[in-house]
Amino acid sequence: FPDTLIESAPRVIHESGCDPLVLTQRSKLQQRRAKLNQQINRELRLRTGAENLYRATTNQKVKETVSLELSFVNSNLQLLKEELEELNSSMEVYQTESEKVNVPMIPLGLKETKEIDMTIPLQDFISEHYGEDASLYMSEVKEFMDLRQAMRTPSRNDAGLELLMEYYNQLYFLDQRFFAPHRTLGVHFHWYDSLTGVPSCQRALAFEKGSVLFNIGALYTQIGARQDRSTLPGIQNAIDAFQRAAGAFLYLQENFSHAPSLDMSSPALSMLVRLMVAQVQECICERVTLTMEENDLMSNLQAAQESARVSDVYSLVLQAMSVPLLKDYVPFSWLSVVQVKTQHFRALAHYYTAAALCDCSGECTFCISEMYMPQHEEALRLHGVCKMLRKMDILQEVLSYAHTRSLEKYSDIDQEDDFCEIAEAPEIQSHTYQKPDIKTPDFSSVRVTDIFHRLGPLSLFCARNRWVGRRLCLVRGEAGLGLTLRGDSPVLVAGVLPEGCAAEAGLHEGDYIVAVNGSDCRWAEHAEVVHVLKGCSERGVEKRAASLSPSSDRETVTQQRQGGDSDRGSTSLLNWSWRSGGGGRVTKRLGSTFSLPFGSLRESESMY
């Protein structure tokens with residue numbers, strides 16, 4: 001995933017997720033989905049073990065027993081998947097509670113994930129890679145684990161979106177701090193397919209990122225579905241939510257490859273993008289019909305073209321759902337809803353055309369029965385075929401109302417003397433005055449600071465850079481400490497005088513000062529370090545030093561102390577230096593090397 005964060009941005013204090021014990025309709029649905037995912041996972045493991053035993057054994061009686069067991073397991077799996085599909089088809093839970101009847105939208109349920117404990121892996125990495133006392137970072141580890149636990153149950157509002165965004169942004173810092181290219185952290189991320197409940201497990205942090213991003217898009221669909229679309233603000237909020245959902249799925253499709261679960265595969269994400277765009281187009285059509293003048297010719301014609309446009313985009317969604325990979329994957333209720341809407345809005349297009357020509361033009365010269373009655377009847381037939389749709393009273397009410405209104409219009413026109421029939425109704429050219437705008441996720445809208453900020457500036461103290469720490473003891477001589485400092489956060493040792501105090505203690509050009517006399521200097525500015533060194537000049541300075549060693553396989557920390565110097569007051573400095581495998585003093589990052597210029601002193605450099 002592209003890096004899109006700014007480290008210096010202030011961090012937002014995250015909210016906790018929904019209380020799983022609060023049994024709202026949506027939380028009950030998510031809890032049932034989580035239990036089904038666990039049961040499906042258990043049955044899949046049983047089936048895998050039985051299949052392995054069947055292939056391994058040569059005993060015919062054992063094979064017969066295993067074969068019988070496999071039939072039971074497959075039957076249980078089929079029942080569990082059907083129950084999960086029924087849950088995923090529960091669209092009414094996510095719809096608006098407004099008394100106004102709206103065509104229901106298709107929301108997505110959130111991907112479920114197992115609770116994981118990253119405490120030990122993070123502590124081990126802090127100790128081994130950074131050479132730090134891991135117990136000092138327990139508060140940071142706990143804060144990150146609390147954040148992950150909270151994002152498993154986000155609330156269905158802006159606070160829930162901010163929570164998911166905050167965790168997604170923190171994963172960027174976690175990736176930079178703890179996921180080195182030459183080693184794994186040893187953490188497995190478990191996520192369940194949002195539609196089938198099939199579990200997937202990977203050690204790659206990209207899988208965690210992708211799953212969180214999927215949930216961001218899914219949460220936007222739930223927020224869009226709950227809007228009251230009987231008002232203009234509600235319609236606009238729904239349009240914005242579905243556009244952002246489409247942007248999240250499109251971003252995921254373009255930046256995530258080798259998906260371990262089918263819901264994050266390219267065909268599935270492409271289908272979801274089209275579905276969200278179709279629902280945006282439907283909201284745009286609803287806004288037109290909400291604001292139209294009933295007996296105005298142009299208003300009715302515009303509504304007809306908008307309705308035809310909605311029908312066209314839903315037909316594209318139907319094509320995306322019918323590809324071989326998704327044909328048996330997409331819930332049948334989704335497929336039925338898309339088919340119903342394709343016919344329903346095509347019928348509405350003909351209805352508004354007939355209303356424009358018959359009610360607004362002053363003359364009626366053709367039959368409208370052939371125009372829209374078959375589409376209404378087909379929509380009602382498709383609604384009756386799907387068992388899940390038959391339970392949706394809202395959709396039944398919408399379709400019945402549209403059909404009754406068309407029958408009444410036909411009855412009124414049929415009584416007129418100038419009414420005559422023609423053989424076939426013409427096609428209506430679709431058009432929209434507002435095209436959907438897919439909005440890419442704005443990760444900078446939720447600004448965060450690295451939880452493990454105390455480890456030091458991310459540009460240096462990251463998993464890619466491998467350090468060797470040294471503790472050096474210096475004593476100020478007549479000529480001073482014999483070193484030149486430059487820069488901030490952390491301060492760089494730009495030069496060391498030959499045979500000076502710093503050189504004798506083992507300090508090198510290119511080292512970074514990270515602590516002086518126990519005082520952390522990773523984030524210290526140049527003037528602060530200078531002030532500390534001047535304050536310690538009489539009693540001596542203790543400094544810590546460390547060097548980057550890309551060629552070594554393990555980080556080592558050594559302590560050096562000059563014998564006989566303790567009587568004069570010791571100086572200890574912890575400095576971090578970049579070293580190449582050949583011993584030269586060069587900086588090295590991401591495979592590139594460049595020399596540090598020590599030829600002249602800059603205005604921020606100080607000599608001691």
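All of these numbers come straight from a predicted model, not from anything done at the bench. Residue positions are given per chain, counted from 1 along the sequence in the order it is written. For a predicted model such as this one, the threshold for reporting local features is a pLDDT of at least 70, and the threshold for listing and counting side-chain atom pairs is 80 or more; totals across whole chains, interfaces and linings nevertheless cover every residue. Side-chain calculation: all heavy atoms of the structure are included, whereas hydrogens and water are not.

Novice: Can you walk me through the overall build of the chain in this structure?
Specialist: Numbering of helices and strands runs from the N terminus; a helix is a DSSP stretch of H or I covering at least four residues, while a strand is a stretch of E covering at least two. Broken down by element type, the chain carries 16 helices and 13 strands. Exposed residues in this analysis have more than 50% of their type's maximum accessible area, buried residues have under 20%, and partly exposed residues fall in between, with area computed by a 1.4 Å probe over protein chains only. Counting only residues that meet the buried cut, the chain has 51% of its 608 residues in that class. Whether two residues are in contact is decided by their heavy atoms: any pair within 4.5 Å suffices. Long-range pairs, those at least 24 residues apart, make up 80% of the contacts in the chain between residues at least 6 apart in sequence. Carbon together with sulfur atoms contributes 48% to the accessible area of the chain, which is approximately 28,000 Å² in total. Per-residue and other accessible areas were derived by the Shrake-Rupley procedure at a 1.4 Å probe size, with only the shown protein chains allowed to occlude residues.

Novice: Help me understand the environment of Leu-269 in this model?
Specialist: Of note, Leu-269 is situated in helix α8 (residues 266-291). Along the sequence, Leu-269 and Phe-214 sit 55 residues apart, while their C-alpha atoms lie 9.3 Å from each other. For Leu-269, the contacting residues outside a window of four places in its chain are Phe-214, Phe-249, Leu-252, Gln-253, Asp-263 and Met-264.

Novice: Would you explain the pattern of salt bridges in this entry?
Specialist: Opposite charge on two side chains permits them to pair, given that their charged atoms come into close proximity. Any carboxyl oxygen of Asp or Glu that lies within 4 Å of a side-chain nitrogen of Lys or Arg is treated as forming a salt bridge with it. The final tally for this structure, using the stated rule, is 15 salt bridges. With its nearest N and O atoms 2.0 Å apart, the salt bridge here joins Glu-132 to Arg-522. Placement of Glu-132 in the loop between α3 (119-129) and α4 (138-151) and of Arg-522 in the loop between β7 (519-520) and α16 (526-535) is noted, with a sequence separation of 390 residues between them. When the shortest N-O distance is used, the salt bridge between Asp-450 and Arg-177 registers 2.6 Å. A residue pair is termed long-range when its members are at least 10 positions apart, and Asp-450 in the loop between α14 (393-414) and β3 (467-474) and Arg-177 in helix α5 (residues 158-178) qualify at 273 residues. Relative accessible area serves as the criterion here: at 0%, Arg-177 is assigned to the buried category. Each of Glu-132, Asp-520 and Arg-522 takes part in one network of salt bridges that share partners.

Novice: Sorry, what's going on with the packing of α5 against helix α6 (residues 205-225) here?
Specialist: The angle between the axes and the distance between the axes are what describe a pair of packed helices. Running from N to C, α5 and α6 point in directions that differ by 165°, and their axes come no closer than 10 Å. Judged by the inter-axis angle, α5 sits roughly antiparallel to α6. With respect to the hand of their crossing, α5 and α6 are arranged in left-handed fashion. Residues Gly-160, Leu-161, Leu-164, Met-165, Tyr-167, Tyr-168, Leu-171, Tyr-172, Leu-174 and Asp-175 of α5 lie in contact with α6, whose contacting residues are Leu-205, Glu-208, Lys-209, Val-212, Leu-213, Asn-215, Ile-216, Leu-219, Tyr-220 and Ile-223. The axes are straight lines fitted to the C-alpha atoms, using for helices just the contacting stretch, and the angles between their N-to-C directions are given from 0 to 180°. Oblique is the label for any angle not under 35 degrees, not over 145, and not in the 65 to 115 range, which are roughly parallel, roughly antiparallel and roughly perpendicular in turn. A clockwise turn of the near helix away from the far one marks a right-handed crossing, whereas an anticlockwise turn of less than a right angle marks a left-handed crossing.

Novice: I keep staring at α16 and nothing clicks. Help me out?
Specialist: Since the α-helix advances by 3.6 residues per turn, residues separated by three or four positions end up pointing in the same direction. Listed as buried for α16 are His-526, Val-529, Val-530 and Leu-533. The buried residues of α16 all sit within an arc of 100° when viewed along its axis, so they share a single face. What points out from α16, more than 90 degrees from its buried face, is the exposed set Ala-527 and His-531. As used here, the arc belongs to the directions running from the helix axis to the C-beta atoms.

Novice: Before we go on, may I ask you to explain the nonpolar core in this structure?
Specialist: By nonpolar core is meant a set of buried Ala, Val, Leu, Ile, Met, Phe, Trp, Tyr and Cys residues that side-chain atoms within 4.5 Å join together. If you look at the biggest cluster of nonpolar residues, it comprises 108 residues, and the most contacted ones within it are Met-118, Leu-174, Phe-178 and Phe-452. Among the elements that make up this core, the one with the highest residue count is α8 (13 residues). Leaving out residues up to four positions away in the same chain, Phe-178 has contacts with Leu-122, Phe-125, Ile-126, Leu-185, Phe-452, Leu-455 and Ala-463.

Novice: Before we go on, may I ask you to explain the packing of α6 against helix α7 (residues 232-255) in this structure?
Specialist: Closest axis-to-axis distance for the α6/α7 pair is 8 Å, and the angle between their directions is 160°. The angle between α6 and α7 falls in the class roughly antiparallel. The handedness of the crossing between α6 and α7 comes out as left-handed. On α7, the residues touching Gly-210, Leu-213, Phe-214, Gly-217, Ala-218, Tyr-220, Thr-221, Ile-223, Gly-224 and Ala-225 of α6 are Ala-238, Ala-241, Phe-242, Arg-244, Ala-245, Ala-248, Phe-249, Tyr-251 and Leu-252. Under this grouping Gly is polar, as are all residues other than the nonpolar Ala, Val, Leu, Ile, Met, Phe, Trp, Tyr, Cys and Pro and the charged Asp, Glu, Lys and Arg. For the contact of α6 with α7, the class distribution of residues is 14 nonpolar, 4 polar and 1 charged.

Novice: Please explain the environment of Ala-503 as it appears in this structure.
Specialist: Locating Ala-503 in the fold gives a position in helix α15 (residues 501-505). For Ala-503, the residues in contact, after removing those within four places along its chain, are Val-496 and Leu-497.

Novice: How should the pairing of strand β1 (residues 189-192) be read in this particular structure?
Specialist: One requirement defines pairing of two strands: DSSP has to find at least two bridges between them. Looking at chain direction, β1 and strand β2 (residues 199-202) are connected through 4 bridges and run antiparallel. Residue pairing across strands places Phe-189 opposite Gln-202, the latter belonging to β2. Adjacent in sequence and paired antiparallel, β1 and β2 are bridged by 6 residues, among which Gly-197 carries a positive phi angle near 80°.

Novice: Honestly, the packing of aromatic side chains in this entry has me stumped. Any pointers?
Specialist: By convention here, two paired aromatic rings are described through the distance between centres and the angle between planes. By convention, a stacked pair of Phe, Tyr or Trp rings (six-membered ring in the case of Trp) has centres within 6.5 Å and planes under 30 degrees apart, an edge-to-face pair has planes over 60 apart, and any other such pair is tilted. For the structure shown, the criterion picks out 10 aromatic pairs. For the ring pair Phe-125 and Phe-178, a centre distance of 5.6 Å and an interplane angle of 65° mean the geometry is edge-to-face. Of this pair, Phe-125 sits in helix α3 while Phe-178 sits in helix α5, placing them 53 residues apart in sequence. Judged by its relative accessible area of 1%, Phe-178 falls in the buried class. Judged by centre distance (6.5 Å) and plane angle (80°), the rings of Tyr-130 and Phe-178 are edge-to-face. Residue Tyr-130 is located in the loop between α3 and α4, and its partner Phe-178 is located in helix α5; the two are separated by 48 residues in the primary sequence. Grouped by ring-pair contacts, the aromatic residues Phe-125, Tyr-130, Phe-178 and Phe-452 constitute a single cluster. By the criterion adopted, a ring carries a charge over it if an Arg CZ or a Lys NZ lies within 6 Å of its centre and within 35 degrees of its normal. One residue, Lys-63, lies across the ring of Tyr-54, its end atom 5.2 Å from the ring centre. Note that Arg-454 overlies the ring of Tyr-137, its terminal NZ or CZ placed 4.5 Å from the centroid.

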